[in-house]
Amino acid sequence: MSSPDVPNDAPAVAEAGPGAQATAAAHLSDATILGRASVNDVDAIMDLCSTNADPDATEHVTPDNADAMFTWDYEKGQRPRLEKLYEKAKVSQWNVTTDLDWSIEVDPYEAFSIMAELGPETGWTTDPTSPIYNWGDKEMRDFSYESFTWRLSQFLHGEQGALLCTAKIVETVPWYDAKLYAATQVMDEARHVEVFAKYLNEKVENSYPINPHLGILLDDIIADSRWDMTYLGMQIMVEGLALAAFGFMHSFTEEPLLKKLLRYVMSDEARHVAFGVLSLQEFYTELNAAEIRERQEFAFEAAVRMRDRFLQQEVWERMGVPVRPMVERVLDLPEEQKVFQAMLFSKIVPNCKKLGLLDAADGWLRDRFTEIGVIQFEDYVDTASEYGEFSIDQERNAEAAAG
Ligand SMILES: [Fe+2]
Ligand SMILES: [Fe+2]
């Protein structure tokens, strides 16, 4: 992420005043945004994977450069849509301990099969030059289990990132309605951390450390001093991807405990993403072209980090498969076979469009999202418009009525 402390290498930026049109040429280079020459630089992607210096460490310190802000303006409802979210959040709290049936027996090898990702269309198990040539049922089953565990572990680490980021928003956002809403999200995220940790510990009995790509992104989000960047990084990008990923797993699992917990988590996440869209929609109207361009660059950086995260290098490593050739194969898949990866952006892209980030600066972000194969979601419904559809209130009331 470009931060206020990083010298800007685009001369046009200094000339861009309020209302000025930033040009595509004014954007920072990939080398500055991503720390590598091109999006698909496999060497750089692999180098980053080896930076997880101490995977057994139980603590990680990252600088938080923001000031805490009080407001003495206690008039509630100045932002009615945020107030509505806050009122909804207060009555939509659920309890990990009592609202889910933890007596359900789970077979983690069967809970979520992702065989389809290694399906015949990739040719990877029938190609003699492939590292997974001749994989049989046992290897596929083991891979499926490891990949499932890895996904849940990254969900867990991402949830802790959301917990810290939203606690930071409580401190930094200047608006009273937003502080109140963010406080409810802190409690939501505490429950999400709790539920994924409990499921991994009790039902899967396996876990992975944080993926380096995700770790760098979370550190970047927390380190930025600007309060709106926390929203963009967490509520729009990380939580937008999480909402899609939870939905994907929810629709493909028949494991009843996992299915219900994902449904419950999604009802909260949709509200969180809506919180981001509604807040930034207002704030971005105050920004000039150069400032909007910085937000575009950060959205792109976050998107690439999250795409790289889903290369799941650690799973290949644990399976004893050479990692680099598998990463190359995943990156080289034709677009039509990247449908699972692309779907993860089905919330991010329409929300970025709603915020005006796709088309600002001559459509710079539209071009970049086209480059990484996710622009096709731009006309999907944005989350500020659809969050109510994720509500679990009716289900919970029906369960309560049924005793
Ligand atoms: Fe969450
Ligand atoms: Fe969330």
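(A) Here's a closer look at the packing of helix α6 (residues 137-172) against helix α7 (residues 176-204). Here α6 crosses α7 at 160 degrees, and the two axes come no closer than 8 Å. The angle between α6 and α7 places the two elements in the roughly antiparallel class. The hand of the α6/α7 crossing is left-handed. Split into classes, the residues belonging to the contact of α6 with α7 amount to 18 nonpolar, six polar and three charged.

(B) Summary view of the environment of Ala360. Along the polypeptide, Ala360 turns up in helix α16 (residues 360-371). Note on Ala360: 20 C-beta atoms within 10 Å, which makes it buried. Beyond its immediate stretch of four places on either side in the chain, Ala360 contacts Ile292, Arg293 and Gln296.

(C) Looking closely at the nonpolar core. Formed by 85 residues in total, the largest nonpolar core has its most connected members in Met237, Leu241, Ala274, Ala299, Ala303, Phe345 and Cys352. Setting aside its immediate chain neighbours within four residues, Ala274 contacts Leu85, Thr383, Ala384 and Tyr387. Ranked by size, the runner-up nonpolar core spans eight residues in total, among them Ile45, Trp150, Leu311 and Val327.

(D) Highlighting helix α18 (residues 393-401). Judged by how many residues are buried, α18 sits mostly at the surface: zero of nine residues are covered. Positioned one or two residues after α18, Gly403 has a phi angle of 80 degrees, which is positive.

(E) View of the environment of Gln235. Mapping Gln235 onto the fold places it in helix α9 (residues 227-252). Taking the number of C-beta atoms within 10 Å as the measure of exposure, Gln235 has 28 and is therefore buried. For the pair Gln235 and Leu280, spaced 45 residues apart in sequence, the C-alpha separation works out to 10.0 Å. If near-sequence neighbours (up to four positions away) are discounted, Gln235 is found in contact with His272, Val273, Phe275 and Gly276.

(F) Structural context of the confidence of the model for the chain. Taken over all residues, the pLDDT of the chain has a mean of 88, while the share at 70 or more is 90%. Across the chain, element-level confidence peaks in α7 with a mean pLDDT of 98 and bottoms out in helix α1 (residues 11-15) with 34. Predicted confidence is poor over residues 1-24, with pLDDT under 50, and the contacts of this stretch with residues over four places away or in other chains come to 42 contacts.

Criteria and thresholds
- Residues numbered from 1 in each chain as written.
- Chains lettered and ligands numbered in written order.
- Predicted model: local features only at pLDDT ≥ 70, side-chain atom pairs only at ≥ 80, totals over all residues.
- Axes fitted to C-alpha atoms, helices over the stretch in contact; angles between N-to-C directions.
- Helix = DSSP H or I, 4+ residues; strand = E, 2+ residues; numbered from the N terminus.
- Parallel < 35°, antiparallel > 145°, perpendicular 65-115°, else oblique.
- Left-handed = near helix turned anticlockwise from the far one by under 90°.
- Nonpolar A, V, L, I, M, F, W, Y, C, P; charged D, E, K, R; others polar.
- Buried ≥ 20, exposed ≤ 12 C-beta atoms within 10 Å, placed from the backbone.
- Contact = placed C-beta atoms within 7 Å.
- Core = buried A, V, L, I, M, F, W, Y, C linked by C-beta atoms within 7 Å.
- pLDDT = per-residue confidence, 0-100.

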